[in-house]
Amino acid sequence: MSILTACSVLSWSGLASAQQKISFPSAEYANKFEMAKRVGKPIEIFGYLMLPPNPPAGKIPVVVIAHGSAGVQSKDTGFWAPYFNKLGFAAFVVDSFTPRGVESTVEDQNLVSNAADTADAFFALKFLAADPRFDADRIGIIGFSRGGIAANETAVKSFRDNVLRENKNLQFAFHIPAYPGCQNSRFRKNGSYDKTGAPMLFLMGSKDDYTPAKFCLDQIKGMQEEYPGVIDYRVYDGAHHSFDGNQGVHYLRLGTSTRNCPMTETDIASWSRHLVGSSDKLSLADEKKMYKDCQSVGVTVGSFDNRYRDLASKDVEDFLRKIGQIK
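Since we're looking at a predicted model, the values are computed, not measured. (Residues numbered from 1 in each chain as written. Predicted model: local features only at pLDDT ≥ 70, side-chain atom pairs only at ≥ 80, totals over all residues. Heavy atoms only, no water.)

**Q** Any details on the overall build of the protein chain? Residues and values, ideally.
**A** A tally of helices and strands in the protein chain yields 9 helices and 14 strands. The C-alpha atoms of the protein chain give a radius of gyration of 19 Å, which matches the 20 Å a tight globule of 327 residues would have. Along the longest, intermediate and shortest principal axes, the C-alpha atoms of the protein chain span 55 × 45 × 40 Å. Within the protein chain, the fraction of its 327 residues that count as buried is 57%. For the protein chain, contacts bridging at least 24 residues in sequence account for 81% of all contacts bridging at least 6. (Helix = DSSP H or I, 4+ residues; strand = E, 2+ residues; numbered from the N terminus. Rg over C-alpha atoms; globule rule 2.2 N^0.38 Å. Buried < 20%, exposed > 50% of the residue type's maximum accessible area, 1.4 Å probe, protein only. Contact = heavy atoms within 4.5 Å.)

**Q** Account for the layout of surface pockets, with residues named and values stated.
**A** There is about 1300 Å³ of room inside the largest pocket. What lines the largest pocket is a set of 37 residues, among which Asn110, Asn114, Asn184, Glu287 and Tyr291 lie closest to the centre. Within the residue set of the lining of the largest pocket, elements represented by two or more residues are α2 (32-37), α4 (116-129), α5 (146-153), β10 (250-257), β12 (272-275) and α8 (284-294). Looking at the lining of the largest pocket residue by residue, the classes come out as 11 nonpolar, 18 polar and 8 charged. Elements with a contribution of two residues or more to the lining of the second largest pocket: α3 (74-86) and β10. Partitioned by chemical class, the residues of the lining of the second largest pocket number 7 nonpolar, 14 polar and 3 charged. (1 Å grid on protein atoms, 1.4 Å probe; cavity = no way out; pocket = protein on both sides within 12 Å on 5 of 7 lines; lining within 4 Å. Points joined across faces, edges and corners; volume = space filled by probe spheres on them. Nonpolar A, V, L, I, M, F, W, Y, C, P; charged D, E, K, R; others polar.)

**Q** Summarise the pattern of salt bridges; cite the residues concerned and give the values.
**A** Here the structure, examined in full by the defined rule, presents 18 salt bridges. Linking aspartate 76 and lysine 75 is a salt bridge whose minimum nitrogen-to-oxygen distance equals 3.2 Å. The pair formed by aspartate 76 and lysine 75 is uniform in burial state, with each residue classed as buried. Connected through shared salt-bridge partners, Arg186, Arg188, Asp218 and Glu265 make up one network. (Salt bridge = Lys/Arg side-chain N within 4 Å of Asp/Glu carboxyl O.)

**Q** Can you break down the packing of aromatic side chains residue by residue, with the values?
**A** By convention here, two paired aromatic rings are described through the distance between centres and the angle between planes. All chains considered together, the criterion is met by 18 aromatic pairs. Pairing phenylalanine 89 with phenylalanine 174 gives two aromatic rings, centres 6.2 Å apart and planes at 85 degrees, and the pair type is edge-to-face. Taken together, the positions of phenylalanine 89 in the loop between α3 and β4 (90-95) and phenylalanine 174 in the loop between α6 (157-163) and β6 (175-178) put the pair 85 residues apart, joining distant regions of the chain. Taken individually, phenylalanine 89 and phenylalanine 174 each receive the classification buried, so the pair is uniform in this respect. One aromatic cluster is present, formed by Phe79, Trp80, Tyr83, Phe84, Phe89, Phe144, Phe174, Tyr179, Tyr236, Phe243 and Phe319 through successive ring pairs. Directly above the aromatic system of phenylalanine 46 lies the positively charged group of lysine 21, at a separation of 4.2 Å from the ring centroid. (Phe/Tyr/Trp six-rings, centres within 6.5 Å; stacked < 30°, edge-to-face > 60°. Lys NZ or Arg CZ within 6 Å of the ring centre and 35° of its normal.)

**Q** Residue-level account of the sheet that holds strand β9 (residues 231-236), with values.
**A** Pairing within the open sheet is mixed, and its 8 strands lie in the order β1-β2-β4-β3-β5-β6-β8-β9. For this open sheet the edge positions go to β1 (20-28) and β9, each flanked by a neighbour on one side alone. Recorded for the sheet is a direction-independent mean angle of 25 degrees between the axes of neighbouring strands. Where strand β3 (residues 60-66) and strand β5 (residues 134-144) come together, 6 bridges link them in parallel fashion. By the bridge assignment, valine 63 is partnered in β5 with glycine 140. (Pairing = 2+ DSSP bridges. Axes fitted to C-alpha atoms, helices over the stretch in contact; angles between N-to-C directions.)

**Q** Explain a positive patch on the surface to me, and be specific about the residues and the numbers.
**A** A surface patch of positive charge is lined by Lys37, Lys157, Arg165, Lys168 and Lys189. Tracing the backbone shows lysine 157 in helix α6. (Patch = residues over 30% accessible without salt bridge, like charges linked within 9 Å, V, L, I, M, F, W, Y side chains within 5 Å. Areas by Shrake-Rupley, 256 points an atom, 1.4 Å probe, with all protein chains shown as cover. Lys, Arg positive; Asp, Glu negative; His and termini not counted. Charge placed at Lys NZ, Arg CZ, Asp CG, Glu CD.)

**Q** Could you give an account of the packing of α4 against α5, naming the residues involved and the relevant values?
**A** As a packed pair, α4 and α5 sit with axes 8 Å apart at the nearest point and diverge in direction by 55 degrees. Judged on the interaxial angle alone, α5 and α4 are oblique. Along this stretch, α4 crosses α5, giving a crossing that reads as right-handed. Contacts between α4 and α5 pair Asp117, Thr118 and Phe122 from the former with Arg146, Ile149, Ala150 and Glu153 from the latter. Partitioned by chemical class, the residues of the contact of α4 with α5 number 3 nonpolar, 1 polar and 3 charged. (Parallel < 35°, antiparallel > 145°, perpendicular 65-115°, else oblique. Left-handed = near helix turned anticlockwise from the far one by under 90°.)

**Q** Kindly report on α8, identifying the contributing residues and their values.
**A** Listed in full, the buried residues belonging to α8 are Glu287, Met290, Tyr291 and Cys294. Seen from one end, α8 has its buried residues packed into an arc of 90 degrees, which puts them on one side. Along α8, exposed side chains directed more than 90 degrees from the buried face belong to Ala285, Lys288, Lys289 and Lys292. Taken together, the buried residues of α8 touch β11 (264-267), β12, β13 (281-282) and β14 (296-301). (Arc of directions from axis to C-beta.)

**Q** Residue-level account of the state of the cysteines, with values.
**A** Under the definition given, this model contains 2 disulfides. The cystine pairing of the protein chain, numbering bonded cysteines in sequence order, is 1-2, 3-4. (Disulfide = S-S within 2.5 Å.)

The analysis is restricted to geometry; functional conclusions fall outside its scope.
Right under this line is the structure:
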């Protein structure tokens, strides 16, 4: 879809807060190795754009919203998008599932490549940056669960450089991973976490049995040492996975989790993997077997009220003020 066509779709007519379904080109990668090393296969993705009711003077900043394993939820379009609109941002909720013919990966994460959400977010960044109404230097990302992994891994330079190989000047202005999976999201290059250096805020729950916070905390500690003053986090006491949902705490009997699996780390240059805390290297076959054997079933999600969502929204606003994205 050409930028000219896209701009005609993204008109200012109608209600400013209306959702506008927008298609954009992305790329398909079978796995993260391909996302780091190869050219992806073209695929068309879409998202929902919501513009701020009172846009700021000049170019508009944007937040890309990456959904979790249940697909685009009402909280994404009904709370977070309007929330960022009120702060003066346009919001673009990317749907990585529907265009691929999938509704949910809660019971089987293999239905959609674990690189898809991250690649789609990169291409959303490229697409939005090309629109003259938006500020290419002020496009951030927030993601939830699977989308939280995308919000974390879009900060990896090697992924950015390969996926956006003709647009290496682009990067997200900030990253907000919410309850992401961190067990196999440790990527290093020449001993570095290989981050772009953009500010990051991790949001997690202390009672998360889907993607436990402890795995992220281990990674965050290392990143804070390498990027002082850039990486921040919050762990909400008593909060479950998807704590920003307010439709009650409920148990997903068939939801799959790797909470009992060990952490792995990948050397980007050689693409070799090893267990964190040991020198035991993992072949591709070893890794597949390990995750098959250690996978658990049954997860708890949600919240009975808005308590944690209110805490998170305040922390996000404070974070954006601290890094100079809002006044």
